[in-house]
Structure formats: C-alpha cells, structure tokens
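# Residue-level structure breakdown
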Protein chains: 2
Amino acid sequence: MLERRNPIAVSEAVKKVMEFAYEEKVEWVSLTDSNARFLAEDIAADQDVPSFDRSPYDGFAIRSVDSELATKENPVQFKVVGEIGAGFVYEAEVQAFQAVRIMTGAPIPAGCDAVVMLELTKNEVQNGETFMSINRAYEAGTNISYQGEDVKIGEVLIEKGQYINPGVVALLATFGYAKVPVYRKPIIGVIATGSELLEPDEALAPGKIRNSNAYMSMAQIERAGASFKYFGKFSDDLDVCIEEVKKALAEVDLLITTGGVSVGDYDYLPAIYKAIGAEVLFNKVAMRPGSVTTVAALDGKLLYGLSGNPSACYVGFELFTRPIIRKAFGSNQPHLRREKAVLGEDFTKANPFTRFIRAAVHYDQGQLIATPSGFNKSSAVSSLATADAFIVLPGGSRGYEKNMFVDVLLLDDLQGSEWPWDNIKKYSK
Amino acid sequence: MLERRNPIAVSEAVKKVMEFAYEEKVEWVSLTDSNARFLAEDIAADQDVPSFDRSPYDGFAIRSVDSELATKENPVQFKVVGEIGAGFVYEAEVQAFQAVRIMTGAPIPAGCDAVVMLELTKNEVQNGETFMSINRAYEAGTNISYQGEDVKIGEVLIEKGQYINPGVVALLATFGYAKVPVYRKPIIGVIATGSELLEPDEALAPGKIRNSNAYMSMAQIERAGASFKYFGKFSDDLDVCIEEVKKALAEVDLLITTGGVSVGDYDYLPAIYKAIGAEVLFNKVAMRPGSVTTVAALDGKLLYGLSGNPSACYVGFELFTRPIIRKAFGSNQPHLRREKAVLGEDFTKANPFTRFIRAAVHYDQGQLIATPSGFNKSSAVSSLATADAFIVLPGGSRGYEKNMFVDVLLLDDLQGSEWPWDNIKKYSK
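Residues numbered from 1 in each chain as written. Chains lettered and ligands numbered in written order. Predicted model: local features only at pLDDT ≥ 70, side-chain atom pairs only at ≥ 80, totals over all residues. Heavy atoms only, no water.

## Examining the overall build of chain A
Let me state the cut-off plainly: Note on conventions: DSSP H or I runs of at least 4 residues are helices, E runs of at least 2 residues are strands, and numbering of each starts at the N terminus. Throughout, the radius of gyration refers to the C-alpha atoms, and the reference size of a globule is 2.2 Å times the residue count to the power 0.38. Exposed residues in this analysis have more than 50% of their type's maximum accessible area, buried residues have under 20%, and partly exposed residues fall in between, with area computed by a 1.4 Å probe over protein chains only.
A count of helical and extended segments in chain A gives seven helices and 24 strands. Relative to the compact-globule value of 22 Å for 429 residues, chain A shows a C-alpha radius of gyration of 31 Å, a clear excess of over 25%. Seen through its principal axes, chain A has C-alpha atoms that stretch 105 × 50 × 40 Å. Classification of the 429 residues of chain A by burial places 58% in the buried group.

## Some remarks on the packing of aromatic side chains
Residue and element names in this part refer to chain A. Filter applied, for reference: For Phe, Tyr and Trp, where Trp contributes only its six-membered ring, two rings pair if their centres lie within 6.5 Å, and the inter-plane angle classes them as stacked under 30 degrees, edge-to-face over 60, or tilted in between. By definition, being over a ring means that NZ of Lys or CZ of Arg is both within 6 Å of the ring centre and within 35 degrees of the ring normal.
Tallied over the full model, the rule gives 19 aromatic pairs over all chains. With 5.9 Å between their ring centres and 80° between their planes, Tyr 314 and Phe 390 make a pair best called edge-to-face. Taken together, the residues Tyr 314 in helix H7 (residues 310-328) and Phe 390 in strand S23 (residues 389-393) connect sequence positions 76 residues apart. Using a relative accessible area of 0% as the deciding quantity, one classes Tyr 314 as buried. One aromatic cluster in this structure is built from Phe 38, Tyr 163, Tyr 183 and Phe 329. It is Arg 288 that lies over the ring of Phe 353; its NZ or CZ is 4.0 Å from the centre.

## Points about the sheet that holds strand S18 (residues 294-298) of chain B
Residue and element names in this part refer to chain B. Rule in force here: Two strands are said to pair when DSSP picks up at least two bridges between them. Whenever a helix is involved, its axis is fitted only over the stretch in contact; in every case the axis is a line through C-alpha atoms, and angles between N-to-C directions fall within 0 to 180 degrees.
Strand order across the open sheet formed by six strands is S14-S11-S15-S19-S18-S16, with mixed pairing between neighbours. Strands at the two margins of the open sheet, each flanked by one partner only, are strand S14 (227-233) and strand S16 (279-282). Adjacent strand axes in the sheet meet at a mean angle of 25°, parallel and antiparallel pairs treated alike. Across three bridges, S16 lies against S18 in antiparallel orientation. Opposite Phe 282, over in S18, you have Val 295 as the bridge partner.

## Some points on helix H5 (residues 269-276) of chain B
All names here are of chain B. Short version of the rule: It is the directions from the helix axis to the C-beta atoms whose arc is reported. Two residues form a contact once any of their heavy atoms are found within 4.5 Å.
Residues Leu 269, Ile 272, Tyr 273 and Ile 276 constitute the buried set of H5. Down the axis of H5, the buried side of the element spans an arc of 100°, and every buried residue falls inside it. On its buried face, H5 sits against helix H4 (238-251), strand S15 (254-258), S16, S18 and strand S19 (301-306). In the stretch just after H5, Gly 277 is the one whose phi turns positive, near 80°.

## Digging into the relation of the copies chain A and chain B
What counts here: Least-squares fitting of one copy onto the other uses the C-alpha atoms of those residues that reach a pLDDT of at least 70 in both copies.
Between the two copies, chain A and chain B, the superposition gives an RMSD of 0.1 Å; the rotation angle is 180° and the shift along the axis is 0.0 Å. Both copies are brought into coincidence by an operation consistent with a two-fold rotation axis. Of every C-alpha in chain A, the one belonging to A:Gln367 sits nearest the axis of rotation, 2.2 Å from it. Of all interface residues in chain A, 99% are interface residues in chain B too; the two copies therefore contact each other through one and the same surface.

## What to know about the pairing of strand S3 (residues 59-62) of chain A
Note that S3(A) and strand S5 (residues 98-102) of chain A share three bridges and pair antiparallel. Residue pairing for S5(A): A:Ala61 is matched across the bridge by A:Val100.

## A look at helix H2 (residues 166-174) of chain B
Rules: Identification of polar contacts relies on pairs of N or O atoms within 3.5 Å, with a donor-acceptor requirement for protein atoms, meaning one able to donate a hydrogen and the other able to accept it, and with residues adjacent in sequence counted only if both atoms are side-chain atoms.
Most of H2(B) sits out of view: nine of its nine residues are buried. For H2(B), the complete set of buried residues consists of B:Pro166, B:Gly167, B:Val168, B:Val169, B:Ala170, B:Leu171, B:Leu172, B:Ala173 and B:Thr174. Here the buried face of H2(B) lies against strand S13 (209-210), helix H4 (213-224) and H7 of chain A together with strand S2 (43-44), strand S9 (156-158) and strand S10 (179-183) of chain B. At the N-terminal boundary of H2(B), the capping side chain belongs to B:Asn165, with an oxygen 2.9 Å from the backbone nitrogen of B:Gly167.

## What about the side chain of B:Asp407?
All names here are of chain B. Relative to the helices and strands, Asp 407 resides in strand S24 (residues 405-410). Relative accessible area serves as the criterion here: at 2%, Asp 407 is assigned to the buried category. Here Arg 338 takes part through its side chain, which lies 3.1 Å from a polar atom of the side chain of Asp 407. Reaching out from Asp 407, the side chain makes a polar contact with the side chain of Tyr 427 at a distance of 2.8 Å. Residue contacts for Asp 407: discarding those within four places in its chain leaves Arg 338, Glu 339, Lys 340, Phe 390, Ile 391, Val 392, Asn 423, Ile 424, Lys 425 and Tyr 427.

## Let's talk about the domain arrangement of chain A
Basically, it comes down to this: Residue ranges for the domains originate in an automatic or database domain assignment.
For chain A, the assigned domains are domain 1 (10-24 + 185-328), domain 2 (27-48 + 157-183), domain 3 (59-134) and domain 4 (337-410). When each unit is reduced to the centre of its C-alpha atoms, the spacing between domain 1 of chain A and domain 3 of chain A is 70 Å.

## A few points about the interface of chain A and chain B
This is how the line gets drawn: Here a salt bridge means any side-chain nitrogen of Lys or Arg lying within 4 Å of a carboxyl oxygen belonging to Asp or Glu. In the scheme used here, Gly and all other residues not listed as nonpolar or charged are polar, with Ala, Val, Leu, Ile, Met, Phe, Trp, Tyr, Cys and Pro taken as nonpolar and Asp, Glu, Lys and Arg as charged.
Between chain A and chain B, the contact holds 94 residues from the first and 93 residues from the second. The tally of links between chain A and chain B comes to two salt bridges. There are 23 residue pairs in polar contact (both at pLDDT 80 or more) connecting chain A and chain B. Secondary structure elements with two or more residues in the side of chain A that touches chain B: helix H2 (31-34), helix H3 (166-174), S13, H4, strand S20 (337-343), strand S21 (354-364), strand S22 (367-372) and strand S24 (405-410) of chain A. With eight residues, the top contributor of residues to the side of chain A that touches chain B is H3(A). A class-by-class count of the residues in the side of chain A that touches chain B yields 44 nonpolar, 27 polar and 23 charged.

Here it is, written out as structure tokens:
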C-alpha cells in the first residue's frame, strides 16, 4: 500500500486551509480578565478625554491677563481665594488678581485660563490671608489640558481584532468598560499518535521516545491565543481510533493529531480520514521540514495531521493552524509576521524545497540578524527552545552566505502579516 | 507644606530599587501549566536524544556494503525479512542482502548501517516472499539519526530563568518533566489613590475621571509575569489609608499605589510612608514623564508610588517594577530590552530631562524604525494602546530629526537587557 502523493506549494496549502477561516463568537469578560485577549468590537470614546479642562500640574490657576506685567523686579501678587483638589469643582468665578490653589487633575475654575506650577510661585500669609506671587507673565492656555485634546467623543479608538495590552486596558477603563467584548477562544483538540510514544511521566524503554509533540502543540495553541483540550494517545486499534476522533471532533473547534501522517503502513491517519468521510485538502507540501503535513476537513471543522517529527510538527502548526486562530480573533494579519533579516551565518545546504530554518534573531544597530538555532536536522528538539523565528529559504537555490538578506517569519510576535507568501525569493547580497 | 525634592538620575533610581531584588521560591506545576512561566532550575538531559540509533524516514534498513554495486542498469535486490514500527525493536541480526522495512522513528536493526527511503525502492512479491531493489549505492550512515546526535546525556539544555516557550515545553516533555520547577509568581498589590477617581462601572461626574491606572498596572504586572491583587481605591481619610497600606503590605510581595505622589497637599503617600516608617529611596527622578515616581521600602518590601498620570504611571512601572519581577524569575536581563532604532519622524521639543517617548516600532528592510505614538503629552492615554517601545531621548539636547539613530526600550519582549542605562546619548545622524 505505497501511496504516491503530490506535493503542493506552501502558499497553496495555506490558501486551502484559509478557506475554512471563520470569526469567533463574542464573549464578555471582566476588564481584568480581558488582558491578553482579542477585542471583539470597535471601541469608540463615550466622552472627551480630558472630559473637562484640567490642570496637568500642582499649582495656581490664574487669569493670564493679570500676569502680563510680572517680572523678576516687579513680581505680581495674587490673593489665594480657595483651593481645589482633583475630583472637586471650584464653584465661584475667579476675579482679577485672585488665584486658586489647584491640584493635578483638578478642573480649571471659571475665569482662569492658565496654571502656574507650584515651584514657580512664592507663597506667604499676611494677616491670615494667603498670597502668592509670580515673576513672569503667562500666556493664556499655559499648563491647561483642554477638554477633548487627547480623545474626542465618538472617535474610534481601537478596532476589533486588536490584542489587548496594558495600554488598551487603560483605554477600556477610561471609557467605562467594566466588561469587555472579546473573542471566545477556540478549543483545539490534541491527540498524539505513535506506538513509540511514552508520556513524560513514564520511564524510557527500548525503541520508545517521550511524547513531546502533543505538549509542544498545546503550548503553541496557547501562544496563538486559543485553548487546548488533550485527548491523550491514540489506541493502537484502528476502529477505536476512528471512534476517538469522532468523539474528540464533537468537543472541539478543530483537531490536531501529531504523528501518523507518513506513508508508512503503520500510519493510521489516512485510513481514519477516509473512515469518517473527511475531505483531505492536502497530504504533502513542498517544504522541509513538514512535507507530510496533512490537513482534512469534516463538516467545516479542520483536522490537522501534523508530522510526528518535532520540528515538522512545530512548523506545521505555525504555518497552517496559527492563522486560523488569529483569523478567528478578527485579525487581518493572521499569518506569521514576515520581515527581512541579514543571515548571521552561512547556510550551504542546497535544497529543492522551501526550507524553514529555526533561527534566533537579534539586532545589530537596529538591523535584524537571523542565525540558525544550532543543529538543524529535523529531529533536533533542542534547537526549538531557542528559536524565535524561521528563516525561509526558497527551494532550488545553491546555498546562502552570511550577510545575505533573507526572509524571516517571527514567532513571538503579536502583529502578524496579511499574506507573507508572495515573492519569497533569494535576495542578492 | 511645600516640599522641595531633589531629582536623581534614572540609572541611580533603578540601582536603588535593584538593591531590593530577590529570587522567588520554586514551585512545581504540571507540564501544561508551565507554559509561559519561568524555569527555576537548570534542565539537564537525563538521556541521549535520540536515545537509540533510529530511522528519520520510512524505508528499508540495509547493510550499506550490500548496496555497493547497485546501479540503474544493475539494481541490487534485497529480501525483506521483516518490518519494524516505531516503538518496537527488531530482534534478529540482519544478514547479507536482507532488508527490514522500517518506519520513521524505529530503531535501526542490528547489522544495518543505512536506510533507503521508501520512495527510492522498488518492491515486489515473488512466490509469497517480498523483495525490494535499489539502483544506487548508499554509504554507511545514510539516513540514520544516531544516538545522542541531538542531545548528549548530562548536557544542560536550558538554564534557570529561561522563559518557557513551546520549544522549551517540548524539551521538558522529552526529558520526562511531567512536573516542572518554575518560579512562584510574586503577588503585587495595587491601590488607586485620588478623590477624582471613578471605577469603570461608575457614571462620569463633573471633575471626575475613571480610574485607568490601576487596571493598566495590573495588565503590566501580568505582562511582566507576576500576579496582581487589587485593593480598590484609598479612603479619603489619612488614618484609614495608613491601615489600608499596612494590611495590603502584609498580603503581597510588593505594593503599587497609583497617584498621590505629587507635592500637592492632597497627596497622601508621603504622609503614609512616614507614618508606617518606610524608607523613601527617592521621590523625584530626572525624567519625563514620571518625575514624581516615588519608591519606598519597608522590611525589605518595595512600595511603589507611581504617578497618577497614565503615561508616567506606565513608564514608572516598566522602568522600576518590571526588573524586580524579572529578577525574581532568575533573569540576568531583567530590564527592558534596549536596542538602537532609526527615528521615524522629527521630535523637535527640547528637554532638560531624559524623556521616554511612547513609540511604535516597525521594520524597513529589517531595520528597526521607531515612531512616536501620536500625541505625546503625558496625559495622552490613547497613545499607550499602540506603543510597543519607548524612545529614550537624553536630556539637554536641542531636538531630534527623522533618520537619526536613537535608543529604544522594547516593551513586548521576552529577552530584556542586563543593564540598559549606560551611555544613553544622542547619536550623530
């Protein structure tokens, strides 16, 4: 039963997957729970910010006209007629040569049009009355934060799909979002396949390896922003597996299996897809690692058959699963962020396929440099720990030299790319 | 009661805070809960990886010597004497011109020293026996992943302090860490101060603003990796505040108050610090925004008095609180990551102090470009939402022009800097 498979281009494979993209439902969570989620509605200002003219400093509110003649030699004195703390309103109208002691954030009293910082005033008490004097003139508007100068009412401040960071949380608080509309997290099922697999708490045995892919995928699911549900390891019995997949699919939004997608006789996935009636979108991609990545669909739900090889599994997730998750969160840039970087060392291996090299990026004078993360055989689990990018090397090339420009896809990134798959090429040095 | 304060340099202020740095306790969590935490012990390999010589492909294991004379014209035929799936061990020793069908990940049978990929073989059944033939020679070692070629037993793979990303999770799984030693998350208390503050679910009123700083700080605490505990808003009564601070301090590892640190009469923090006997490390920093940032210490616990102004509060946290958290997680690079970037637009405002400008970074041909995020008055809450860096402009300069190099501190970063505060300067264009 030797199956011949036709590899398709990475961009074609991603396109086929993205036909199943969807937008998640909205759920409302408390403001403190909204951090690091994705906003599901546009947020417009329900008020001006500031919502009133206010003082950005501690000082004295005055009428600027009264300060016109103030100099070092001839300071002008003001009678301090009151004080106003943040959160309070000064009720009277301020008259000529009167000043009101004002705290940071307090509203400017009627009649005043400037604030003098506290440290630029001289204060004295005469006969039980307080006076303050200044030794220079202030223009109208000095040290006043005007109503609406930061944000005007009605302005759309954040669009849906935005990742909620601390600055966004501040905006949401400012505009009264005690509850925040965020996208529901898709639930992604994970099943491990392979008779050779032991769970991390089992002792090693001859021919066996520990199951790292399922745990790695779960961490990738979380990094992308979704939730996981782990169904453990497949049975060795095909009929049982078929039931396991059916049961799992009913409980999740999409399903990942790790391993079991090679052309070997022992790999069950193709048989399972057939048995449950799933449509195979592709089962071979012209790339390394991850060429056996398989994606199928059943009733609109995607089934990812990721490779049993850790690096291939990792790449398969980031290329094909991540954008579905980010698209579910309303992102217009659901794919890995593509940037140009300078290659940090030679990579001489020729390769007929598009290759995704695990890499660590750093900066030199602000220039992004990408260096392959150690040993790049596809089994090398240790290099995944330090990788924060893939170097994308298009196929058909005779190797790459240090200091050439290359395309990189950034892994620890919140921004993404709209479509990183056009014009990936070998750049001249 | 006008207090005069002496501003200290940012680097001095950070140094004073870092004298209180400490390393957190270790706690053991399940592998799936360890994602995005910080590793609290070095992880060394308890086995070689691979732990046996194995096949990276589906194919046939052979003795390479038998393939020596194989050519297109004269293929060499092998008798298929068995098959071996991943997770199983082939018991017999393979003899001359015998081959064993081998699956990806299965151990190389005794006697064999090469694997021929399945698609490069021709298979036929003759008289009930299976044969496979090949039409080229294979060198010893072809398609064999050797024991220990990825990782050698005893090798330290990840050092404590490492952020646990999906690749690290894979490593932990491989080496049997069903439970993972991670640093406990410090609990950081947050108290909001200010009579002007309304909670997000309260309706606006004259002179009042919604409390955004406390919620923003809590999101910053989470981004840095710690936990928060929100104590709500201070009472307006000083004696009550003193009790509130004492109570809060007993429940947390460090305490942040937002607001209440200006020199105005209504600002309680200095009085509270005095009443509880806290030592004030500094109460004025030569920087904008955030000059009134105050840090005090009591019984080894830090009390942060962050500004009531959102941008100043944000900067104060990232400069002074974040490194304490990251140091608690064993990081040698606890400070914001400093890199050089090209300034994306003119910034002409002269300034006697070191200035931290909220900025958004992007790349052009892999070169980091930093552009101020909109309106940079210190009250501008809206620009915090899009900021992912601070541009650091040293004081005393006469303004900056587009395309100059500047120092930036990256906010959405996992790597950090060891000490970003030396030699911050104005670069020539």
